[in-house]
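# Observations on the model geometry
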Amino acid sequence: MGLNIEKVLHQKGLNKAKLAELLGRKDNRSYVTNLLKSPSYASLEKIADVLGVDVKDLFDDTKEEGLTALIDYKGEFFKANTVNELEKILAIIKEKDY
């Protein structure tokens, strides 16, 4: 997904244990590790809030083709940086709807 959360943590002088604490999960780094693998948009909003950044700042700012699409579909989060990636995501979503 191109998440940039660990970089943001580093810039703020924080680690996963501190993030877990800020999220109400004291000293539970495994919670944060699992959360970062496939976070929902709501989780990203909460992380951004406790870190004092915008949700967009949690993503790698490397752009291809000038496109960034963030899609929250029924609690599943997708990010596309190219038209091809976006088309693949749309195909996945269409398949789930049938």
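Residues numbered from 1 in each chain as written. Predicted model: local features only at pLDDT ≥ 70, side-chain atom pairs only at ≥ 80, totals over all residues. Heavy atoms only, no water.

This part is about the pairing of strand S1 (residues 69–73). Burial of the side chains of S1 is restricted to one face: Ala-69, Ile-71 and Tyr-73 are buried, whereas none of Leu-70 and Asp-72 on the reverse face is. Examined bridge by bridge, S1 and strand S2 (residues 76–80) share five bridges and lie antiparallel to one another. Across the sheet, the residue bridging to Ile-71 is Phe-78, located in S2. Connecting the antiparallel pair S1 and S2 is a turn made up of two residues, with Lys-74 showing a positive phi of about 50 degrees. (Buried < 20%, exposed > 50% of the residue type's maximum accessible area, 1.4 Å probe, protein only. Helix = DSSP H or I, 4+ residues; strand = E, 2+ residues; numbered from the N terminus. Pairing = 2+ DSSP bridges.)

The next subject is the nonpolar core. If you look at the biggest cluster of nonpolar residues, it comprises 18 residues, and the most contacted ones within it are Ile-5, Leu-19, Leu-44, Ile-47, Leu-51, Val-53 and Leu-58. Of all the secondary-structure elements, those providing two or more residues to this core are helix H1 (5–11), helix H2 (16–22), helix H3 (29–37) and helix H4 (41–51). For this core, the leading source of residues is H4, giving four residues. Listed in part, the seven residues of the second largest apolar core include Ala-69, Tyr-73, Ile-89 and Ile-93. (Core = buried A, V, L, I, M, F, W, Y, C linked by side-chain atoms within 4.5 Å.)

Within the element layout of this structure, Asn-4 appears in the segment before H1. Residues Asn-4 and Phe-59, 55 residues apart in the sequence, show an inter-C-alpha distance of 4.6 Å. Those residues within four positions of Asn-4 in sequence are excluded, and the remaining contacts are Asp-57, Leu-58, Phe-59 and Asp-60. (Contact = heavy atoms within 4.5 Å.)

For the structure on display, the rule yields two aromatic pairs. Taking the centre distance of 6.0 Å and the plane angle of 25 degrees together, the rings of Tyr-41 and Phe-77 count as stacked. Of this pair, Tyr-41 sits in helix H4 while Phe-77 sits in strand S2, and the two are 36 residues apart along the sequence. Put simply, the rings of Tyr-41, Phe-59 and Phe-77 touch in pairs and so form one group of aromatic residues. (Phe/Tyr/Trp six-rings, centres within 6.5 Å; stacked < 30°, edge-to-face > 60°.)

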